[in-house]
Amino acid sequence: MIVCIAVVGHQNNPLYIQSFTEADDALKLHHIVHCSLDVVDERVNNPKKSGPMLNETFLGLLYPTENYKVYGYLTNTKVKFILVTTDLDVRDADVRNFFRRFHSAYLDAVSNPFHVPGKKITSKTFAERVTNIVKSVSFHTTG
Amino acid sequence: MAPAVPRSGDAIFANVERVNAELFTLTYGAIVRQLLTDLEEVEEVNKQLDQMGYNIGIRLIDEFLAKSNVTRCVDFRETAEVIAKVGFKMFLGVTASVSNWDTEGTCCSLILEDNPLVDFVELPDTCQGLYYCNILSGVVRGALEMVSMKTEVTWVRDMLRGDDAFELQVKLLKQVPEEYPYKDDE
Amino acid sequence: MADPAYFSLRKMLLDEITPVVMVLPTPLVEQRCQKNGLSFVQMLTPFSVFNNIDVPVRTASDQPYRLQKFKLRMFYASDIRQPNIEVTKKRLEQVIADAGNNEDSELYLDPSSLEARSTSSEPEFVPTWFQHFNKELVRSVSFSDHEAFDHPVACLLVVSSNDEDPISKFMDLFNKNQLPPLLNDGAMDPKIPKYYVLVHDNQDGSPERATKILAEMRNTFGSNDCRLLCINSSQGQSVDHQPNPWDPYGSNASPGQHLGCLLNNEDMDELRNFVRDLSSKDIIPNMEQRIRVLNQQVSATRKGFRNQIKNLWWRKGKEDTPEVQSVNMYTFNSIESQIRVLGDYAFMLRDYELALSNYRLLSTDYKLDKAWKRYAGVQEMMGLTYFMLNQSKKDAEYCMENAFTTYLRIGTSGKGNATRCGLWWVEMLKTSSQYKDAAGVYFRISGEEPLHSAVMLEQASYCYLLAKPSMLRKYGFHLILSGDLYNKCDQIKHAIRAYRNALSVFKGTTWSHIHDHVHYQIGKWYAFLGRFDVAMKHMLEILACSHQSNAMQELFMRDFFQILEKTGKTYNISRLQLPIVNISSLSIVSEDHRTYGSPAAVSVKESVWQSLEEEMVPSLSNAKTTWLDLQSKLLPTKLKQSNVCVAGEALKVEISFRNPLQLSIPIYNVTLMCEYSENETPPDANSSSSVNQGVEDGKKATGRESNSDTSLFTLSKVDITLEGGETTVAQLSVIPRKEGLLRVTGVSWKLSDSMVGFYTFDPDLITKKLSKQKRKAKQNANKLEFLVIKSLPRLEGAINNLPSTVYAGNLHRLSLELRNSSEIPVKNLKMKISHPRFLNIGNPEVLDVNFPSCLEKKQSYAHKDADLDVTKQSETVFHFPKDVVINNGTPFLLPLWFRAATPGNVSLYLTIYYEIEDKSTTMRYRTLRTNHMLEVLPSLDVSFFINPSSSRLQEYVVRMDIINRTSLRNFKLHQLSSVGNEWKISLIESLNHIFPSGILVPGQALTCFLKLKNVKTSETDTETDVWLGDVSNEAVFDTQRAPLVNFHHYERLHQKTAHQENQSTVDFMLISRMEESENVPSDVPTPPQIFSHHACHCSVSTKRPIWWLLDGPRVNHYSFSNSFCETKLKMTIHNSSSFVASVRINTFDSPPGGSPSGNKIGWHDMSTPPSLDDATGGRKLLESVPPFIWSGSSTTRVKLEPNATTEISLLVTTFAPGTYDLSNYTLNWNLLDSSDSEEKEGVCYGRPFYLTILGEE
């Protein structure tokens, strides 16, 4: 199950963090997301890891914490999407697909003339869309 | 009435040169935003948009008449139909539906199911009361005025305010008779 | 190799993995040594470390090399055992606690910036006690049986020279029961080399006895194993060693007594030599010897292909043996143990190749035997050896990891070892500056035991910081984690340190959740430690936590205020975030020559006022320059532009506060901060421009507040309660008392008694804002500076009892009241009213006559009012009478007539201009501006339709439609008047047929017809009024008198339309009164609500411009005996249009077919045209109806000027008596040169006109 999805601006400032758990672990998730940025930077700075797939936006599994898995996605404008999930074995394809849909949602959100680039995303429709995407996506692993 | 009046703008729409829809939408969004920052008052922005629309309309009508060989409309009903079916399609790429005629046939509603202007748009709380698409009302008003119909165009429904469609109420105030023949020295 | 870190691990290993010497002293020896505050071991320790012992050694393969560095570890036999878990744990906690207390000092000064840290190399900011802590951790797993380097290589038996029978003492010192378990349970060889030491205390007397004993020792234990050691040689006086070699070791020394006080230099030399000899002559050679022996055994049994195979096969054979016995299957004489010992010895003697080869050999065996702990131990040593050999880093790390994981796998027993292994591994990684991996290892070391993991995590975080590129976020994250753990173990100070370091990561980022959390925790912990001032610093950071959940906000606020009150200090915080000041909402209203009657008047656009005033004020622009010039005379030029306000008059400031939280917060004493300077030079700019420095600005603020209640100026204080998320506008004011220069510097408020927030206005910022909004009354740059000028008279005016909602047409008499509070009188006042339709000035005596009866008709007033009205209507500015001077105290009353002209919301603007009498003041005149909003409800709608009456010329039938549009008020009609003298109106039928009640109930409509007659003569007593009310009292109002006539005048002006000048029009005025609503008790005499409705320019012209009348005798007696009868008729034609009309009258002899008046009387004979009858005029025709003919010209054409009337005479001839309908004529008219098309021409058919002829005999 997806625990948290976050959008982080190109100055590593949080634009949108949404957790999908009842528990009050916003702080922890903030930490996890914030921490994962280091890994993102690392991935970006030495691209030998992602050598074959150049200008690939999907960063794959950033790092596993004790009970989460954190995936990253980097747009070409250096905006990062961070996905925190509790499903422990997930197929990259699913995550990739998820991020692709999320990305399009994000695009529409920032196309809103009333959205100030680099500021937090306050759009309700965006929130709803994200929730729907998250609901629809389930990382059920087929063996 | 002339039989040659196109009942839909598809044909014309097909062969007018177009601009990318996103670019168009974003441009309009930028304009509105700029107006908001300049004028600060939402009401002012509504006025300004309407004025801009008017200025567009009084120019646009000529192109419209030229491109779509629409002949003279017999009555206001027909005019409304042409606007909805041909005009909107031609310039906005969508067709509106006409309804809510009053008894005198001087007041009707153009209903837009979808509206390319408002893709992505979501009104923030600070500018509720903004008629985001107010430019359209201005265009209609201006265009009709050039064909000697004084109209009053107001928004009845607005999707950005949670309604299910855009409804533009067009009210014919008076029809200025055009004197024929014009004197030469005028 | 030059890397210090490299040496650090090497050093660590060099003094951790060294030969152990077991010491067995007699109590007496200890007692002797204790004289120096030292135990025997402690006494020797300083000397058991050698930097250049320079002993020649040979490797197993006879390679000679010299040993330089060397160290012996001395332990009492009692200490050589696995340390107790609990004890070690206690000790570790102790270490941490001490560390915490030690760094108490630097805990309160700000942590060094992140940049400095990431650049600086490790030791500067990593707490030093980590080394110590790690060492303790390593020690905690020493003397394990699975590794040999902790096994003693030799044994010291120490006896004092005072012991009686020392020999036997030596004997029973080394007996089983007190030997360490290592020797007893066969983990190591019990017969280890022993050395016999005789300790002689020189204070016990001369060493003869000692030498004697030594002699007999020699011949009992063999000469070269015995030593004599003399101590405490210093006689009496205590020796103070500088530096004291024992300081680093003497732990349990009682303070005051300094260590080794009785050991003089000879003793120290002796000690040094003793240990040196011991190690160089005995221990090292012994070990070397041992290595040789073992090496031969091992190579005999295990080296070579055959042995390998055999060994392998043999172990295969052991496969099936149960696992349990493998625990103690490796006794000291098992080959594996020997290999291990060989390896460790070789390691300790730096023969790393040898060690490595053996470890390799051994690890395979243990692996095959699944003796995991030993396997891990060997792997660990292999790793270390690789490292010492400084080759194949990869192998080293692989081994370490292998060992580490293996240790972990075997569970709790391996935990300590795992930790140790991990620590070494980390050091190893650090040497190759793989900090990221090191951090990872630290993370793995951190077990479930919170305190350990706290320390480990913190070390990990520093590794992340040191990693290249430094991973700041992980650094912060791990610091937070460790901080929480510290907190869990009540190591608050460590927790604070960790968090504060973490803070440097999150500072300036927008990760507000984390940011708040960190500050909040630090704040709370400081508060817990009682450092409230520091706590406040952090608590202030979390005030504007609008993004937090409601519960969080409450929590924050509660703790914030708790800590605040505990601090017991008052804080002055600039730009306090709670509430948020919306600077763009700042608006300052100063009244210079413009004074405002109400706040509403302030918000009216300046242009409105100016348009009103431009007629009264000489000229607004140059009037302003006049007093500005005056200023420029008495002011420095730079101030010419500054705003002016008057001493004693309030300077109103509005600014809005926004509450970012969801909770409601009260704020007290919201007040302005002002600076006053006596001289007109402005106060220095920096005072108001320095905004950010909280504290000193705060001082300034308090200072200002203190002088605020002096006589210079007085400030208003307001208390506001802001609901969650709400924005409130605070109205503040400052009243300057003296002339000078006043500057509004900011606003301050109290969040609580001890928390004062303030906001300093930044002048240029505000100018930007103000210029952006369309602010009025501010033309110049510095909005915040005000020139205070001498106090002036200031008129205050109000319209008494002006209703807020009225019905349209309602007529009121009001009074304008003007007061002047100052001593200086004001004179020649003028007034201008924006809507003369609504408000009208009455003349003073109206005040005391009673309304509305004063309106009733009296002859006397008529003319006087009339000419007064004329002057009023001519100009729009009302000049007060010249003699009016308003002094202090005495209010001036001016009567006003009010009539609600049109329905809707109206705002009336009223400005009054007045001049100040004494010329010394900088302002000559001021204006008072008031505006009044009122809502006008619809009352009666009156409309008139006029048709010319068909019967008479110049008479009209007027249809009057009245409808009561009110919802619940009754109207009683009063009178209808035609204004002016030339129209005379009268009722056609008396009202009480159609309108008996005389009361118009809501929604009711009334239509009645009146006759209107034009009388050109302008005598006054034409009855222009029709009484519509009940007949009892006819109090007819005079429409010629004020105020009705004035209002009517303005109505005329207002209702005037373009193209009606030359047409004859009539004005009506309907006067009615409203019935008092039922709920009002009748006994209170409410003044009757008089209404007047005006309908002007009702044109009498009709659609058809031609209007005619056929006139003549109706009955004619005549005898037909002689001839036919002729009757003269007269037709009057009137052209009521505005054009010249030509009219043609056609007469037909036969009644025209399509004539509208063709109501045929049956006896007409259509078939026979009259001419034919005429020809055959026989008797018999007499029965038939005789026709008539129009005699005279059958068509006549006349031309008519506009509004002209003419008469045409017509003649009709009849031949027989009868009644004839003379309607068979038409009038064809057309208007010459009239533009509009459908009005151009037309045909009128004749109206029926019956002529009866009676025959006479």
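Analysis parameters
Residues numbered from 1 in each chain as written. Chains lettered and ligands numbered in written order. Predicted model: local features only at pLDDT ≥ 70, side-chain atom pairs only at ≥ 80, totals over all residues. Heavy atoms only, no water. UniProt positions renumbered as here; feature names shortened; annotations may be inferred. Helix = DSSP H or I, 4+ residues; strand = E, 2+ residues; numbered from the N terminus. Contact = heavy atoms within 4.5 Å. Areas by Shrake-Rupley, 256 points an atom, 1.4 Å probe, with all protein chains shown as cover. Pairing = 2+ DSSP bridges. Core = buried A, V, L, I, M, F, W, Y, C linked by side-chain atoms within 4.5 Å. Buried < 20%, exposed > 50% of the residue type's maximum accessible area, 1.4 Å probe, protein only. Buried area = accessible area lost by both parts, 1.4 Å probe. Salt bridge = Lys/Arg side-chain N within 4 Å of Asp/Glu carboxyl O. Polar contact = N/O pair within 3.5 Å; in protein donor to acceptor, adjacent residues only side chain to side chain. Nonpolar A, V, L, I, M, F, W, Y, C, P; charged D, E, K, R; others polar. Axes fitted to C-alpha atoms, helices over the stretch in contact; angles between N-to-C directions. Patch = residues over 30% accessible without salt bridge, like charges linked within 9 Å, V, L, I, M, F, W, Y side chains within 5 Å. Lys, Arg positive; Asp, Glu negative; His and termini not counted. Charge placed at Lys NZ, Arg CZ, Asp CG, Glu CD. Left-handed = near helix turned anticlockwise from the far one by under 90°.

- Looking at an unreviewed UniProt entry, chain B carries the name Trafficking protein particle complex subunit, with the source organism given as Helianthus annuus.
- Quoted verbatim from the Function (unreviewed entry) field of the UniProt record, the comment on chain B reads "May play a role in vesicular transport from endoplasmic reticulum to Golgi."
- Database annotation for chain B, UniProt heading Subunit (unreviewed entry): "Homodimer."

- Chain A is annotated in an unreviewed UniProt entry as Trafficking protein particle complex subunit of Helianthus annuus.
- Among the UniProt annotations of chain A, the heading Subunit (unreviewed entry) holds the following wording: "Part of the multisubunit transport protein particle (TRAPP) complex."
- The UniProt entry for chain A carries this comment under Sequence similarities (unreviewed entry): "Belongs to the TRAPP small subunits family. Sedlin subfamily."

### Description of the overall build of chain B
- In terms of helices and strands, chain B carries five helices and four strands.
- Ordered by position in the sequence, the α and β elements of chain B form the string α-α-α-α-β-β-α-β-β.
- For chain B, long-range pairs separated by at least 24 residues make up 61% of all intrachain contacts whose partners lie at least 6 apart in sequence.
- As presented, chain B carries roughly 9900 Å² of accessible surface, and 55% of it is formed by carbon and sulfur atoms.

### Things to note about the pairing of strand β4 (residues 64–67) of chain C
All names here are of chain C.
- Across four bridges, strand β3 (residues 55–58) lies against β4 in antiparallel orientation. Each bridged residue has a counterpart across the sheet, and for P56 the counterpart in β4 is R66.
- Counting the residues between successive antiparallel strands, the hairpin from β3 to β4 contains five residues, one of them, D62, with a positive phi of roughly 55°.

### Side note on the nonpolar core
- Core analysis: the largest hydrophobic core is formed by 215 residues, its most contacted members being I82 and V84 of chain A together with F40, L156 and F657 of chain C.
- Look past the residues within four positions of L156 of chain C in its chain and what remains in contact with it is V21, M22, V23, L24, L44, M74, Y195, V197, F274 and L278 of chain C.
- One finds A84, L92, A96 and I135 of chain B within the second-largest nonpolar core, a separate group that totals 40 residues.

### Examining the interface of chain A and chain B
- Tallying the contact residues gives nine residues for chain A and 15 residues for chain B.
- Taken together, both faces of the contact between chain A and chain B bury some 910 Å²; the carbon and sulfur share is 61%.
- In terms of surface lost to chain B, no three residues of chain A exceed S111, P113 and F114 of chain A, which account for 63% of the buried area on that side.
- Counting across the interface, chain A meets chain B through zero salt bridges.
- The tally of links from chain A across to chain B stands at four residue pairs in polar contact (both at pLDDT 80 or more).
- Mapped onto the side of chain A that touches chain B, the elements with two or more residues apiece are α2 (92–111) and α3 (124–136) of chain A.
- Here the residues of the side of chain A that touches chain B sort into three nonpolar, four polar and two charged.

### A closer look at the sheet that holds strand β49 (residues 1241–1245) of chain C
Residues and elements named next belong to chain C.
- Taken together, the four strands give an open sheet; going across it, the order is β45-β43-β48-β49, and neighbouring strands pair in antiparallel fashion. In this open sheet, the two edge strands, each paired with only one partner strand, are β45 (1195–1200) and β49. For this sheet, the mean inter-axis angle between neighbouring strands, taken without regard to orientation, is 20°.
- Pairing of strand β48 (residues 1225–1231) with β49 involves five bridges; the strand directions are antiparallel. Residue pairing across strands places N1228 opposite V1243, the latter belonging to β49.

### Side note on the interface of chain C and chain A
- Listed by partner, the interface residues are 14 residues for chain C and 17 residues for chain A.
- With both sides pooled, the region where chain C packs onto chain A buries about 1700 Å², and carbon together with sulfur makes up 68% of that total.
- Considering only the surface of chain C that becomes buried against chain A, R473, F477 and W511 of chain C emerge as the three largest contributors, covering 48% of it.
- Here chain C is connected to chain A by three salt bridges.

### As for a negative patch on the surface
- A cluster of acidic residues, E22, E113, D114 and D119 of chain B, forms a negative patch at the surface.
- Position of D114 of chain B relative to the elements: it lies in the loop between β2 (107–112) and α5 (134–146).

### Here we look at the packing of helix α1 (residues 26–45) of chain A against helix α21 (residues 512–529) of chain C
- At a minimum axis distance of 9 Å, the contact between α1 of chain A and α21 of chain C shows a crossing angle of 115°. Considering how the two elements wind past one another, α1 of chain A and α21 of chain C form a crossing that is left-handed. Here L27, H30, H31 and H34 of chain A of α1 of chain A lie close against α21 of chain C, whose contacting residues are H513, I514 and H517 of chain C.
- Residue composition of the contact of α1 of chain A with α21 of chain C, grouped by class: two nonpolar, five polar and no charged.

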